[in-house]
Amino acid sequence: MTASSSFSSSLQRRRFAAWLALGAASPLLPARAAAPFPEKGRTVRIVLGLAAGGASDAQARFVANKLGEVLQTPVIVENRPGASFILATEEVIRSAPDGYTFMYAPSSVVAQNPQTLAQVRYDPFKDLTPISLGARGPLVLTVHTSVPARTVQKLVAYIKANPGKMSYASFGTGTSSHIYGEAFARQAGLDVVHVPYKGGADAAKDFLAGRVQYYFDAAPNAIQNTATGKVRMLAVAAPKRSPMLPDVPTMGEQGVSGVDMPSWLAFYGPARMPAPVVEKLNAALAQVLAMPATRDFFRQGAYEAESSSPKQLADLTRSTYDQWGDIIRKLGLVKQQQ
């Protein structure tokens, strides 16, 4: 090959490469279409920051099963217990914002943890995408039957007669069950010990064994534990009685104020999720949560299945954060290390 032909061949290759580069950047060429969500057969994960076996786990698995049918793709629940839901939340925040990973979380994850736990590094308003509300339901003050108290007033009297000897469980430092326990102790002047656990299932083991004496528990867990005959329900920590627990009075009815915040659970994904993906998940969750089977299942645990728009959940997150912040400041609670 002559020098002239070699130069010509080299020039042609450079021109061809330049043409390819220009074509790839040209807006006139059709862009590659985004893959539809969800891709058939690709697994969707619902991350839960609690151990398997509790009421929230049962709710998440029920929803996952129905959601898989609606989306026509596998949906699984992945348990990441520990650190008051921080591990699960960080797992979601680190995940790709593509809709295949999101979490089912109690309101404490976005409203209390950032204000009570020193190791929380996430911002609930910047690092998470609201998808839909999931359920509403009260926490219930439950007591082990070894404690001879059938009203809140009698529980207060018993604790005061045994200062420093009584303990209460929570499903994690900084969670609503902990703050309710702290508010109750402050309001009633109680000398008690707080014992945090990784979730409702772990707390129930010691509670049913009588190693902790009382517990502000999620309503489904409270009902299950009461059915064993080892636990009794004294009050709901809500502004009014639960329609599913009409015979259980509120804390306020029994003379203790400031322990009456409603509780809820919701679905959040990582930040920067595409709007079409959020809309698809929101619509699918709304369909699942409106199913009679879903509503019946949740009501068995004194919870109401309820969906919302992403904007409604964002507003609820902000208002609940502000309400809990007011309580936390009034109690003088500082951020704690777990």
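Quick note: structure is the one above.
So, a few notes on the structure that sits alongside this text.

Criteria and thresholds
- Residues numbered from 1 in each chain as written.
- Predicted model: local features only at pLDDT ≥ 70, side-chain atom pairs only at ≥ 80, totals over all residues.
- Heavy atoms only, no water.
- Helix = DSSP H or I, 4+ residues; strand = E, 2+ residues; numbered from the N terminus.
- Contact = heavy atoms within 4.5 Å.
- 1 Å grid on protein atoms, 1.4 Å probe; cavity = no way out; pocket = protein on both sides within 12 Å on 5 of 7 lines; lining within 4 Å.
- Points joined across faces, edges and corners; volume = space filled by probe spheres on them.
- Nonpolar A, V, L, I, M, F, W, Y, C, P; charged D, E, K, R; others polar.

**Topic: the side chain of Asn225**
And step 1. Counting through the fold element by element, Asn225 comes out in helix H9 (residues 219–227).
And step 2. Setting aside chain neighbours within four positions, we find Asn225 in contact with Ala204, Phe207, Leu208, Asp217, Lys230 and Val231.

**What about the layout of surface pockets?**
And step 1. If you add up the space inside the largest pocket, you get close to 290 Å³.
And step 2. Taken together, 14 residues form the lining of the largest pocket, with Arg136, Gly137, Pro138, Lys240 and Pro243 sitting closest to its centre.
And step 3. Grouping the amino acids of the lining of the largest pocket by side-chain chemistry returns seven nonpolar, three polar and four charged.
And step 4. By volume, the second largest pocket is sized at about 150 Å³.

**Quick notes on empty space enclosed by the protein**
And step 1. Within the structure shown, the criterion is met by two cavities of 30 Å³ or more.
And step 2. Taken as a whole, the largest cavity holds about 240 Å³ of empty space.
And step 3. Along the walls of the largest cavity sit 24 residues, with Leu50, Ser56, Phe171, Ala218 and Leu265 positioned nearest its centre.
And step 4. Elements that contribute at least two residues to the lining of the largest cavity include exactly helix H2 (55–71), helix H8 (200–208), strand E8 (214–218), H9 and strand E10 (263–270).
And step 5. Take the lining of the largest cavity: its biggest share by element is four residues, from H2.
And step 6. Grouping the amino acids of the lining of the largest cavity by side-chain chemistry returns twelve nonpolar, ten polar and two charged.
And step 7. Reported here for the second largest cavity is a volume of approximately 40 Å³.
And step 8. In terms of lining residues, the second largest cavity is bounded by Gly49, Leu50, Ser84, Phe85, Pro106, Ser108, Val109, Phe171, Thr175 and Lys198.
And step 9. Taken together, the residues that form the lining of the second largest cavity break down as five nonpolar, four polar and one charged.

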